[in-house]
Amino acid sequence: MNATSITLPKMKPASFDVERIRGDFPILHQQVHGKPLVYLDNAASAQKPRAVIDAIKHYYENDHANIHRGVHALSERATALYDEARIKVQKFIGAPCLRELIFTRGATEAINLVAQTFGRVHVHAGDEVILTALEHHSNIVPWQVLCWEKHAHLRVVPVTDAGELRLDELEKMINPATKIIAVAHVSNALGTVNPIQKIIDLAHKHGVYVLIDGAQATPHLAVDVRELDCDFYVFSGHKVYGPTGIGALYGKPQHLELMPPYQTGGDMISYVSFAKTTWNELPYKFEAGTPNIAGAIGLAAAVDYIDAIGKDMIAAHEHKLLEYATERVAAIPGVRIIGTAKEKASVLSFIVNDPPMSALDVGTRLDLDGVAIRTGHHCCQPLMERFGIAGTARASFAMYNTIEEVDVLADTLEKIVASARPRVVVSTNGQPIYPEPVADNPQQAADEIAEFFDAVDDWAEKYQYLIDIGGKLAPMPEVLKTEPNRVKRCQSTVFMHARTRPGTADVIEFLADSDADIVRGELALLQKLYCGQRAAEILAFDIQGFMERIGLERNLSPGRRTGLSEMIARVKHYAGQVAQKSSK
Ligand code: PLP
C-alpha cells in the first residue's frame with residue numbers, strides 16, 4: 001500500500017448490507033458484562049471502521065513526518081496525505097474550494113474559532129447573537145463569552161413541546177442589532193432536524209450571518225454548504241466514524257480572509273520578524289502549529305467509507321431504526337419520549353416516569369445487559385430546563401445498528417421498567433434519623449462489606465447489593481436538601497449533610513440522598529463505612545484501597561467515579577475540620 005492508496009472502491013453497493021458493515025467495525029464484536037455489546041451511544045461518538053484504523057496505522061508505520069517545508073520523502077508523503085485529506089473532507093460537505101476548509105480539533109474548537117475571530121470583529125456593544133434553546137453547550141458558551149466581552153446580548157429561539165424551533169419567534173427576534181445566528185443542524189439531545197435552509201434564508205434577508213453546528217448532521221445527512229449558503233459550518237470527525245481530536249470548519253472565503261488569526265505560531269505565518277509578522281494564506285492562517293496529521297488522514301478514510309456506502313443508504317437505514325425504536329419504546333408503559341419533532345435523525349431520548357427512575361439508573365441497568373446508551377443532560381442543560389427534567393436516557397443509532405439491537409434495547413428497557421419499584425418514603429416527622437455505626441471502626445465495616453463482594457463473582461449481583469442497601473438509606477429531610485449540601489460534579493442530583501454526633505467531639509454522621517438508585521447505594525456504602533466513626537479513623541482509612549478491593553473502581557464509569565470521589569471528599573473534608581478542632 002503506498003501513501004495515497006488508502007481508499008475504498010468507489011462502487012456503491014446495490015443494497016444496504018448491515019451485516020457486512022458490522023464486519024468492518026472490530027469493536028462491535030465483543031461482550032460487555034457477559035452480553036453481546038449493543039452500542040447505541042453514537043451521538044456521543046461513533047465507532048471506527050477498519051479502514052479508518054488501518055489508515056492511521058499505515059500512516060504511522062510508513063509515512064509519518066512533519067508536514068510542509070520538508071525536503072525529504074517522508075515529509076512529502078505526509079504532506080500529500082494531509083492535503084489529500086483536506087480535499088476529501090472539502091468534498092464531503094460540498095465546500096467549493098480548499099481554502100475554505102480548515103482542520104480543527106472538532107466542532108467545539110471550530111465554534112470557538114469563529115466566535116473569537118469573526119465574532120470579535122462583527123459583534124459590538126448592544127448587538128445581539130441569536131441561539132436556540134436546543135443548542136449543545138459548545139454552541140452556547142463561546143457566544144456567551146463573546147457577548148460578555150462585548151457587552152452584547154444573547155437571544156434564544158424557544159422550542160415547542162415537540163422540540164421544534166419556533167421560527168415565528170425567530171422572525172420576530174431578528175432586528176438591526178442582530179449580527180449572528182448560531183444553530184444546530186440536528187439536535188444532539190432530541191434528534192430534531194432543524195429547518196436550517198429557512199433559517200439561513202431568513203437571516204440573509206436581514207443581513208445576518210449564520211453558523212451551522214453540523215456535529216450531529218454530518219453522520220446522517222448529506223450536507224452541501226454551497227447549496228445551503230451558510231456563512232460557517234462546523235463538524236467533528238469522531239461522530240462521522242473518524243478519529244477524535246479532528247474536525248473541520250467551513251467558512252465563506254470573504255469572511256475567512258478578513259478574520260484575524262485564532263491562534264498564532266508556526267505554520268500560520270507567511271513571514272516573521274521582530275518588527276512585523278504577516279499571515280499565511282488560507283486555510284493555513286487558521287492552522288497554527290503542527291496539525292493532527294493522522295487525525296486528518298483518519299477522517300479522510302472515514303469520509304471515503306461513508307461515501308462508499310452512500311449517505312442516502314445510511315440515512316434510510318437509520319430512519320428505519322429510529323421509527324422502529326420510537327414505536328417500541330413509546331409502547332412501554334411508564335416511558336415518555338422527549339423530542340417528537342416531525343423531522344428527526346437517529347436520536348431517541350426518553351425518561352422513565354412511572355415509577356420515576358433516574359436516567360442514570362436506566363443507563364446503568366441497560367449497561368449490565370450490554371446496551372450502551374448515554375444519560376444526563378447531554379451538554380444541553382438549558383434544553384433540559386425547558387422540559388423541566390434533569391436529563392434523559394438517549395439511544396442514538398448509526399449505520400451498523402440493527403433492528404435486532406433495537407429489540408434488545410426495548411426488551412431490556414421493558415424488563416427494567418417492569419421491575420422498578422416506587423421508592424418507599426419513610427416518614428420521620430421531619431426529624432432526621434442518623435444511621436448507627438455498623439462496626440467498631442471503618443476498617444472493620446470495610447472487611448464485612450468486602451466479605452460479600454469477595455464471595456460474589458457476578459458484577460450484576462454486586463450492583464443489586466448496592467441497589468438494595470440504597471433502598472434502605474436513612475431518609476434525608478427536605479429542609480437539608482440545600483444548595484450548600486449539594487454535591488457537585490455528580491451525574492445525578494446528590495445531597496449530603498454531615499454533623500458531629502451530639503454528645504461527642506469527633507464522631508461523624510451524615511445524611512444523604514440522590515435521585516439515582518445506584519448513587520443511593522454508593523451513599524449507603526459510605527454510611528456503613530463512616531457513620532458513627534471518629535474523624536481521625538475516617539481520615540486514616542484507606543478508602544481508595546477498599547474501592548479497588550471490592551472492584552468498584554473497575555466497574556464504575558469515569559463519570560460515576562468522579563461523583564463518588566466528590567462524595568468521599570465531602571466526608572473527609574468535614575472529618576478533617578472536626579479532627580483539627582478536636583485536637584486543639
Ligand atoms: N455540537 C453538537 C450538536 C454536539 O452533539 C457536539 C458533541 O456532542 C458538539 C457540538 C461538540 O463536539 P466536539 O466535542 O466533538 O467538539
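Engineer: Run through the side chain of H317, naming residues and quoting values.
Structural biologist: Looking at the element boundaries, H317 is found in helix α11 (residues 311–330). A relative accessible area of 8% places H317 in the buried class. Separated by 3.3 Å, the side chain of H317 and the backbone oxygen of M399 make a polar contact. For H317, the residues in contact, after removing those within four places along its chain, are F16, V18, A398, M399 and N401.

Engineer: Would you mind going over the packing of aromatic side chains in detail, with residue names and values included?
Structural biologist: Counting across every chain of the model gives 13 aromatic pairs. For the ring pair Y59 and Y60, a centre distance of 5.1 Å and an interplane angle of 55 degrees mean the geometry is tilted. Assessed through its relative accessible area of 0%, Y59 is described here as buried. On the basis of an interplanar angle of 75 degrees and a centroid distance of 5.9 Å, the ring pair of Y241 and Y400 is categorised as edge-to-face. One end of the pair, Y241, is in the loop between β9 (232–236) and β10 (247–251); the other, Y400, is in the loop between β18 (392–396) and α14 (403–419), and 159 residues separate them in sequence. Among the aromatic residues, ring-to-ring pairing joins F25, Y241, Y305 and Y400 into one connected group.

Engineer: Can you break down the domain arrangement of the chain residue by residue, with the values?
Structural biologist: Along its sequence, the chain is organised into domain 1 (57–307), domain 2 (313–419) and domain 3 (427–582). Each of domain 2 and domain 3 was reduced to a C-alpha centroid, and the two centroids are 31 Å apart. Roughly 770 Å² of surface becomes buried between domain 2 and domain 3 when both sides are summed, with 63% attributable to carbon and sulfur atoms. In terms of surface lost to domain 3, no three residues of domain 2 exceed L360, D361 and L368, which account for 58% of the buried area on that side. The salt bridge partner of D517 is R365, with a shortest N-O separation of 3.9 Å. One can count 2 residue pairs in polar contact (both at pLDDT 80 or more) joining domain 2 with domain 3. When its residues are assigned to classes, the side of domain 2 that touches domain 3 shows 2 nonpolar, 2 polar and 2 charged.

Procedures and definitions
- Residues numbered from 1 in each chain as written.
- Predicted model: local features only at pLDDT ≥ 70, side-chain atom pairs only at ≥ 80, totals over all residues.
- Heavy atoms only, no water.
- Helix = DSSP H or I, 4+ residues; strand = E, 2+ residues; numbered from the N terminus.
- Buried < 20%, exposed > 50% of the residue type's maximum accessible area, 1.4 Å probe, protein only.
- Polar contact = N/O pair within 3.5 Å; in protein donor to acceptor, adjacent residues only side chain to side chain.
- Contact = heavy atoms within 4.5 Å.
- Phe/Tyr/Trp six-rings, centres within 6.5 Å; stacked < 30°, edge-to-face > 60°.
- Domains from an automatic or database assignment.
- Buried area = accessible area lost by both parts, 1.4 Å probe.
- Salt bridge = Lys/Arg side-chain N within 4 Å of Asp/Glu carboxyl O.
- Nonpolar A, V, L, I, M, F, W, Y, C, P; charged D, E, K, R; others polar.

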